[in-house]
Amino acid sequence: MLTSLAGVLFDGFAYGMLLFLLSVGLSVTLGMMNFVNLAHCTFAMIGGYVTVTLINQAGWPFLATLPVSFVAAAAISVVFERTMFNRLYRASDLDQCLLTIGLVFVSVAVAALIYSTVQQPVQLPSYLRGSFQVGGVTLGAYRLFLIVFALVVTAALVIALEYTRFGAQVRAAVDNQRMARGLGINVDGAFAITFALGSGLAGLGGSLAIDIVGLDPSFALAFLVYVLIVVSVGGLGSIGGTFAAAVLLGISDMAGKYYFPEIGSFMIYLVMISLLMWRPAGIFGRRV
Amino acid sequence: MSTASASGFAGPQQYLEQQARWRTVEIVFWLCTLLPFVVAPNYLQLASQIAITALFALSLDLILGYAGIVSLGHAAFFGFGAYTAGLLSKHGWGEPLTGLLLSGLAAGLLGYAVSFIIARFRHLALIMITLGFGLLLLELANSASGLTGGADGLQGVKMWPLLGLFKFDLWGVTAYWYSLIALFVLFLVSRRLINSPFGLSLRGIRENAVRMRAIGAESRPHIRTIYTISAAIAGVAGAILTQTTETVSLGVLSFERSADVLVMLILGGAGRLYGGLIGAIIFMIARDWFSGVNPQYWYLPIGVLLIAVVLFLPNGILGGVSQLVNTERGQRWFGWLTLPPAWLPSWRRGA
Amino acid sequence: MQRAMTGLAIATAALLAATSAYAQGTVKIGVIMSYSGQFADPGSQIDNGIKLYMKEHGDTVAGKKIELIRKDNGGVAPDVAKRLAQELIVRDKVDMIAGFDLTPNALAAADVSAQAKKFMVNMNAATSIITTKSPYMVRTSFTVPQVNEALGTWAYKSGARKAYTLVSDFSPGHDGEGAFQRAFKEAGGEIIGSARYPVANQDFTAFLQRAKDLSPDVLYIWVPGGPQPAAIGKAVAERGIDLKKTKVLGQGELTFDEALKGMGDAGLGFITAFHYDHNHQSAKNRKFVADYNAEFKRNPDMFSVGGYDGMHAIYEALKKTNGNTDGDALIAAAKGLKWESPRGPMSLDPETRDVVQTVYIRRVEKVNGQLVNVEFDKLENMKDPFKARMPKQ
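Residues numbered from 1 in each chain as written. Chains lettered and ligands numbered in written order. Predicted model: local features only at pLDDT ≥ 70, side-chain atom pairs only at ≥ 80, totals over all residues.

Caption draft 1: Main features of the overall build of chain C. Counting its regular elements, chain C contains 13 helices and 15 strands. The C-alpha atoms of chain C give 23 Å as radius of gyration, which agrees with the globular expectation for 393 residues (21 Å, within 12%). For the C-alpha atoms alone, the extent of chain C along its principal axes is close to 95 × 45 × 35 Å. When each of the 393 residues of chain C is scored for burial, the buried share is 58%. In chain C, once contacts between residues fewer than 6 apart in sequence are set aside, the share between residues at least 24 apart is 70%. (Helix = DSSP H or I, 4+ residues; strand = E, 2+ residues; numbered from the N terminus. Rg over C-alpha atoms; globule rule 2.2 N^0.38 Å. Buried ≥ 20, exposed ≤ 12 C-beta atoms within 10 Å, placed from the backbone. Contact = placed C-beta atoms within 7 Å.)

This is the structure we're talking about:
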């Protein structure tokens, strides 16, 4: 009984870590610039396809492809940001939605053109497969890796945010953009860098997700809903909030499926609605 | 002849009267909706589905364009109306008009219940709650497959002839008349609603809900009212879809349907009553055309269309058009379209 | 003046006759499938099957040219399917409609086929009742009960007595669950537990843990194609489910090509029942697979063979009617057709117009370093048991 609970917690936590990596970029950019980027998961998809191409075409080992997918997703996002997104920072939310959805459609069609619609398999190195038995609980090796990796990334993000000058600028811009500008902080520049980082992280998340949820051109649309749920429940612009929301949603999703399989699929939506009704700004959000 | 200048009103009454006048371009638009019968009789099924989607977009415009409620789950009401109509028919009552009214009523009741939650939230929380609600209803419909037919869809929907005379046939003539008339009637209702003091207060809520409370206008009852009406209209649109196609499946409740109608509304221009209609017409024709040309990669030209509209036509197509018309040359060429037609009696024209 | 008018009238009539005769020289087929969206891959495989057949056999049958008009259904959208079918028949004047990857779409289009009396070839959608919705429809794929009841019977024969079923929570999954449980229980087995996972589920560890807790002899899993089979395979290994104690059984999608590539050695020993695998050892299939790979650079799957055999049914029916595209003529010609397909022998039942074929029981083994489905048992001449049990109308 306790071992199955521990197992559910472990798997839920791992799933939550994946959601965190995919969502943290969107949360920060939304909080900082109020730019609704529905194409966020496109960058995740790009990262995933980079990994798949490098492994299947160039024979690279899995771990080596991760930094490349980060950089590739970040670089492509910079191109989009400089050419299209920066014209819409003052535009309405709806216009931003439409532009980024248009981008998602284009990316889905391009991915289908280049890679066809087939599922992309990825072969993990042997040390990431299989599982360990710890006190009667089966821990999957890949999920363990995912958890450790995500925690390292979280730590890096928190350190960068709390202890660097750039981080202070980002925090100021999230808190009160106008004041930050008034103090001479280059909000646009800080945003461009943050946007690239966030998209790069999404790309990383996309690569890591292939083993768990697969990869095909519809990935850019399919995950959007979950990412939006995590971001809204966690609170815009808050890394801690996104982390808490991702863990909460991952565990409740897993627990729901294990303990109440008949209503398991509702759990995530019920949890989201209840949390938002209790805290409309998100768990750690400050503005509504 | 009085000019239609927007300045110098004697009061809100005059402003409303002026807004409510029928302009030439509107009359031209509605006449054009009759064209498919003559010009494209093979496309009436498509025209019927465009009319249904336009009605759905209109219902979304009422809450989004006028009350500022962004909903990512409006298909919940569309689907609820659709399934109600389907279930009525399946269990023996295939009369279209009463089925339509009952479905609209049912969707309206659901909207009323939900509106109590909706009215309390704004911004991202509101968007996500509407999204969650829509997805929840979808999952419920999937689980209740004994009632709804689940993923296979509802079987056994057979409609009686409309008014006892007009069968829903293969060519879609009855279907298009039915959906077009429903669209026009509900459009008139919405137009009346918007050009009334109630409509004005909605726009006030959209601009600044806090200030509305400060001047003594309670916003929540207004939001609940418009949300209920919008839900009922969406339900009617869904019911018409079921009745004209004699099928209903989970797709009517899907996130894709909610997202599609939102895209169409933004494309056309929200808050202009005709934005949803124009957006639906253009998007659906474009989609049908592109997917006919290349069934596999039509997402690409559609995506490019959306991006182009946003970059070059801010505030949607109607927004861009009205910007064009408001220029010097635009007024010269198209100004006559924005005025009520000369043959309308003067008491209708407004002096 | 009189003569000129008569001459003109005759000339016009002749011209009209000539043009309509020319038009009568084509057979138009409307193909309705999902070419975009999350079901795009099955759609493109069916399309590939169609293209390969036409490449092999040419595009002329009984003196007429075959013309395909393709329409995208975009996923589960029966209202769109119905409209597309109507437009194809009314506007484009097609002589028959084909394709149909998803059940709701097939059911909606069946109404149109019945109303317009047009021949309809269902190349994929696998729910039993579909063929009952139009007397002009044949199916060239499979039905869920056909495959899964065979598996249930086989499971008991192989010695299993306790089974746990895990299926996707939508109609085909429910059908699979119903079919397997029925056959297994009829043979004498006991169902010790069952669960349904959400359609969009990504993580199967929780569900498999529940199953493992009950220690069944057989774990039956129904899953559609896509990313889920690989995830299930990996989760089975992660949970440490011992395949010697608990056999993992499923419908063929569990071990299709991409799933095996994704799950790796974790899938060794999985047993599935299906009507087609590219590894089927027959001369006809080996040629089919080779040609398919040469043309499309990937292996064919059950979708491809559904499209391929669908075209075969169309061509053979047209040959029998001598090019007559009347719905009644075509369906009469199609009933009872028998032929050797890449999958093995198959025929179209004259009563139900549904496919009768061999269901193979396969195990995943490593052959030449690759994971493949190796057939080791089969049940021949399987009809659709669901319709066989339905009262005669």
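Caption draft 2: Spatial organisation of the overall build of chain B. Check the secondary structure of chain B and you find 18 helices and 0 strands. A globule of 351 residues ought to have a C-alpha radius of gyration of about 20 Å, and chain B, at 21 Å, matches this closely. Taken along its principal axes, the extent of the C-alpha atoms in chain B is 60 × 50 × 45 Å. Burial analysis of chain B (351 residues in total) assigns 50% to the buried set. Look at the contacts in chain B between residues 6 or more apart in sequence, and 78% of them connect residues 24 or more apart.

Caption draft 3: Highlighting the sheet that holds strand β5 (residues 119–122) of chain C. Residues and elements named next belong to chain C. Spatially, the 6 strands line up as an open sheet ordered β2-β3-β1-β4-β5-β6, and their pairing is mixed. Only two strands of the sheet have a single partner each, and these edge strands are β2 (60–61) and β6 (137–139). Looking at chain direction, strand β1 (residues 26–33) and strand β3 (residues 64–72) are connected through 8 bridges and run parallel. The residue of β3 that forms the bridge with Lys 28 is Glu 67. (Pairing = 2+ DSSP bridges.)

Caption draft 4: Looking closely at the interface of chain B and chain C. Listed as interface residues are 25 residues of chain B and, on the opposing side, 26 residues of chain C. Only α4 (44–64) and α12 (219–245) of chain B provide two or more residues apiece to the side of chain B that touches chain C. The dominant element in the side of chain B that touches chain C, judged by the number of residues it contributes, is α4 of chain B, at 3 residues. Counted by class, the side of chain B that touches chain C contains 9 nonpolar, 14 polar and 2 charged residues. (Nonpolar A, V, L, I, M, F, W, Y, C, P; charged D, E, K, R; others polar.)

Caption draft 5: A look at helix α10 (residues 197–207) of chain B. All names here are of chain B. Listed as buried for α10 are Gly 199, Leu 202 and Ile 205. Along the axis of α10, the buried residues cluster in a sector spanning 110°; they form a single face. Residues Pro 197 and Glu 207 are exposed on α10 and point more than 90 degrees away from its buried face. Of the surrounding secondary structure, the elements contacted by the buried residues of α10 are α9 (173–194), α11 (209–214) and α12. (Arc of directions from axis to C-beta.)

Caption draft 6: Broad picture of the interface of chain A and chain B. Contact with chain A, which involves 31 residues of that partner, is made by 29 residues of chain B. With 15 residues, the single largest contributor to the side of chain A that touches chain B is helix α4 (residues 93–115) of chain A.

Caption draft 7: Seen up close, the domain arrangement of chain C. Residues and elements named next belong to chain C. Each assigned domain of chain C is listed here: domain 1 (10–142 + 282–353) and domain 2 (145–274 + 359–386). Here the C-alpha centroids of domain 1 and domain 2 sit 31 Å apart. In this complex, domain 1 contributes 11 residues to the contact, which on the side of domain 2 involves 14 residues. Taken together, the residues of the side of domain 1 that touches domain 2 sort by class into 4 nonpolar, 5 polar and 2 charged. (Domains from an automatic or database assignment.)

Caption draft 8: Spatial organisation of the environment of Ile 282 of chain B. Residue and element names in this part refer to chain B. Mapped onto the fold, Ile 282 is located in helix α14 (residues 275–293). For the pair Ile 282 and Met 264, spaced 18 residues apart in sequence, the C-alpha to C-alpha distance is 8.2 Å. Once residues lying within four places of it in the same chain are set aside, the contact partners of Ile 282 are Leu 267 and Ile 317.

Caption draft 9: Quick look at the pairing of β3 of chain C. Residue and element names in this part refer to chain C. The pairing of β2 with β3 spans 2 bridges and is classified as antiparallel. The partner of Val 61 across the bridge, within β3, is Lys 64. Connecting the antiparallel pair β2 and β3 is a turn made up of 2 residues, with Ala 62 showing a positive phi of about 50°.

Caption draft 10: Focus on the pairing of strand β11 (residues 271–274) of chain C. Residue and element names in this part refer to chain C. Going residue by residue along β11, you find Ile 271 and Ala 273 tucked away on one face and Thr 272 and Phe 274 tucked away on the opposite face as well. In the sheet, strand β10 (residues 247–251) pairs with β11 via 3 bridges, with the strands oriented parallel. Residue pairing for β11: Leu 249 is matched across the bridge by Ile 271. Each parallel crossover has a hand, and the one from β10 via helix α9 (residues 257–263) to β11 is right-handed. (Right-handed = clockwise from strand over helix to strand, strands pointing away.)

Caption draft 11: Structural view of the packing of helix α11 (residues 239–259) of chain A against helix α7 (residues 205–213) of chain C. In contact at an axis separation of 8 Å, α11 of chain A and α7 of chain C are set at 30° when each is read in the N-to-C sense. Comparing their axes, α7 of chain C and α11 of chain A come out roughly parallel. Crossing handedness for the pair α11 of chain A and α7 of chain C: right-handed. Between α11 of chain A and α7 of chain C, the residues in contact are Met 254, Lys 257 and Tyr 258 of chain A and Ala 206, Phe 207, Gln 209 and Arg 210 of chain C, respectively. (Axes fitted to C-alpha atoms, helices over the stretch in contact; angles between N-to-C directions. Parallel < 35°, antiparallel > 145°, perpendicular 65-115°, else oblique. Left-handed = near helix turned anticlockwise from the far one by under 90°.)

Caption draft 12: Quick peek at unusual backbone geometry. With phi around 55°, Glu 246 of chain B is a residue other than glycine that occupies positive phi space. Among the structural elements, Glu 246 of chain B can be located in the loop between α12 and α13 (255–268). Backbone geometry at Ser 215 of chain C places phi at a positive 50°, although glycine is not the residue there. If you trace the backbone, Ser 215 of chain C turns up in the loop between α7 and β9 (218–222).

Caption draft 13: Inspection of the confidence of the model for chain C at higher detail. All names here are of chain C. Here chain C averages 88 in pLDDT, and 93% of its residues register 70 or above. Per-element confidence in chain C ranges from a low mean pLDDT of 48 for helix α1 (residues 2–23) to a high of 96 for β5. Scored by ipTM, the complex comes to 0.85, with pTM at 0.86. (pLDDT = per-residue confidence, 0-100.)

Caption draft 14: Quick look at the nonpolar core. Counting 324 residues, the largest nonpolar core has Leu 18 of chain A, Leu 55 of chain B together with Ala 109 of chain C as its most contacted members. Residue-level mapping places this core at the junction of two domains, with at least three residues from each of domain 1 (10–142 + 282–353) and domain 2 (145–274 + 359–386) of chain C. Dropping the residues within four chain positions of it, Leu 55 of chain B is found in contact with Ala 182, Leu 183, Leu 186, Ile 233, Val 236 and Ala 237 of chain B. (Core = buried A, V, L, I, M, F, W, Y, C linked by C-beta atoms within 7 Å.)

Caption draft 15: Representation of the packing of helix α5 (residues 144–157) of chain C against helix α6 (residues 171–187) of chain C in the model. Residues and elements named next belong to chain C. Their axes nearest at 7 Å, the elements α5 and α6 cross at an angle of 35°. Crossing of α5 over α6 shows right-handed handedness. Contacts from Val 144, Pro 145, Asn 148, Glu 149, Leu 151, Gly 152, Thr 153, Ala 155 and Tyr 156 in α5 reach Pro 172, Asp 175, Gly 176, Ala 179, Phe 180, Arg 182, Ala 183, Phe 184 and Ala 187 in α6. A per-class count over the contact of α5 with α6 returns 11 nonpolar, 4 polar and 3 charged.

Caption draft 16: Representation of the environment of Arg 362 of chain C. All names here are of chain C. For Arg 362, the location among the structural elements is in strand β14 (residues 355–367). Distance in space between the C-alpha atoms of Arg 362 and Phe 376 is 5.7 Å, their sequence separation being 14 residues. Arg 362 has contacts with Thr 272, Phe 274, Asp 277, Asn 373, Val 374, Glu 375 and Phe 376, leaving out every residue within four places of it along the chain.

Caption draft 17: Inspection of the environment of Met 346 of chain C at higher detail. In this fold, Met 346 of chain C is placed in strand β13 (residues 344–348). Taking the C-beta count within 10 Å as the criterion, Met 346 of chain C has 24 such neighbours and is therefore assigned buried.

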